[in-house]
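Okay, here's what each chain looks like letter by letter:
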Amino acid sequence: MGEVFHQFTMGLREFIKDYFLSFWDYETPKVMVVKNRTLGVIYRSVQFLVITYFIWYVFISQKAYQESETRPESSVYTLMKGSAVHGDEIFDTVEYARPSEGGDVISTTLRREITYDQKQGTCAEHFNVANANCTKDSDCIKGEVDFDGHGRRTGRCIQYYNYTFKTCEIQSWCPIEEYAVVREPPLEEAINFTVFIRNSIHFPRFKALRGNIKDASNKRNMHKYLNKCHYHEEKEPYCPNFRLGYIAKQARENFTELCRTGGVIGVFINWKCNLDLDASHCKPTYSFRRLDLRKDQARSGYYYRFAKYYRKDGVESRTLIKAYGIRLDVIVHGHAGKFSPIPTIISMVTAMTSVGICTIICDWIMLTFIDKNEVFSERKFDEIVKEPPVPLPTELSFINSYGSNHSDLSDGVPL
């Protein structure tokens, strides 16, 4: 056992010694010309692919010579414009826009469900609420509150309005919405409403400020332009007015269906600016996408409730309005780039280093598939223990002069 341990110790010692000594060895590449057409075609092909990748994708497409900024500062102002006739009423922005002047979120009402003349009092709970149906007072627990219901139970079982069955009585705003609601037809004229979206973006690293509205010679010309223009990707890229019908179409949505259920649509403003060019090349592009889940019918759509309060015969009353509409979420993305010597140098060094992959691949092919008789391996790898006093006229002559003479495997080597 002691002898085995001694041998193990000696072997480990020799291994550590050899590793330590070899750590200080110097390795240098050796130039060797291999006249093999197949290997040459592979080498030049890989070189071409690497160089093409860096020129076309890295430098031209990705602009790796530029310093970039992807987190700009942005400001958004929105305004809904338009009016519509709804029955005997005229709707303006105060009636259908929430808020009438907003930030990056604005909504418009397309359809309403109204419950008129609600007052604080007692009335029958809706029959779809859990445990609301009853036959006697003991079925209703006094003071109980069902959070899916409409109020607090009084402990009485009463007739459900004009029907024959009974439900528990509650203290709430009466009559309840489900019983007394009046559903109005959709506001189809809203398809021509326009949304004014003003966006300013600032790239603090480059001190560059851009806006999505076209510059005009004076304020009067600007006002006339904004009143008559509508956004078009090619003809009017700087017009900030968008028709609701255009937004729904670009989001691939049916406007009539949106009037029925409502929906949330994202307005994406994308800035991709090359600050090496003129400022006119830095203009936004717009895209639109439905954000709420259409497949989930229970959670799809968009609606909200609000009330208008008043006093009638000295009693506080309200009109409850459930509004279905389109909510627009304006989301801004920005990317700016400008020439800088540091990323240019880093990219060029990376490109030149990556060309070395060609040599590694071809060496592997040569030593693995072509070098059947290990002729290439013997000439490629040399180990010099001690430099001889007189240079040899073969491999070592090349190593000392570094390129004046090199080994050429075209003579005497079967390829």
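Predicted model only: the values in this text are computed from it and were never measured.

Conventions adopted
Residues numbered from 1 in each chain as written. Predicted model: local features only at pLDDT ≥ 70, side-chain atom pairs only at ≥ 80, totals over all residues. Heavy atoms only, no water. Helix = DSSP H or I, 4+ residues; strand = E, 2+ residues; numbered from the N terminus. Buried < 20%, exposed > 50% of the residue type's maximum accessible area, 1.4 Å probe, protein only. Contact = heavy atoms within 4.5 Å. Areas by Shrake-Rupley, 256 points an atom, 1.4 Å probe, with all protein chains shown as cover. Disulfide = S-S within 2.5 Å. Phe/Tyr/Trp six-rings, centres within 6.5 Å; stacked < 30°, edge-to-face > 60°.

Enquirer: Would you explain the overall build of the chain in this entry?
Expert: Within the chain, the secondary structure is distributed over 11 helices and 20 strands. Counting across all 415 residues of the chain, residues that qualify as buried make up 37%. Considering only contacts in the chain between residues 6 or more positions apart, those separated by 24 or more positions represent 67%. Working note: accessible area of the chain is about 27000 Å², and carbon and sulfur atoms make up 55% of it.

Enquirer: Before we go on, may I ask you to explain the state of the cysteines in this structure?
Expert: Scanning the entire structure with this criterion turns up 5 disulfides. What pairs with cysteine 123 in a disulfide is cysteine 174, and their sulfur atoms sit 2.1 Å apart. Torsion about the S-S bond of the cysteine 123 and cysteine 174 cystine: about -75°, corresponding to left-handed handedness. Pair noted here: cysteine 123 is in strand E8 (residues 105-124) and cysteine 174 is in strand E11 (residues 166-174), with a separation of 51 residues, a long-range link. When its relative accessible area of 7% is taken as the criterion, cysteine 123 is described as buried. Each sulfur in the disulfide pair cysteine 273 and cysteine 282 lies 1.8 Å from the other. Between cysteine 273 and cysteine 282, the disulfide has an S-S torsion of 45° and is therefore right-handed. Comparing cysteine 273 with cysteine 282 shows no difference in burial state: the two are buried.

Enquirer: Explain the packing of aromatic side chains here, please?
Expert: Any two aromatic rings considered together are summarised by their centre-to-centre distance and by the angle between their planes. Within the structure shown, the criterion is met by 24 aromatic pairs. When the ring of phenylalanine 127 is compared with that of tyrosine 160, the centres are 5.5 Å apart and the planes differ by 80°; the resulting orientation is edge-to-face. Here phenylalanine 127 is found in the loop between E8 and strand E9 (133-134), whereas its partner tyrosine 160 is found in the loop between strand E10 (152-159) and E11, with 33 residues between them in sequence. The exposure class of phenylalanine 127 is partly exposed, given its relative accessible area of 34%. Ring geometry for tyrosine 161 against tyrosine 179: centres 3.9 Å apart, planes inclined by 5°, an arrangement best described as stacked. Residue tyrosine 161 is found in the loop between E10 and E11, and its partner tyrosine 179 is found in helix H4 (residues 177-180); the two are separated by 18 residues along the sequence.

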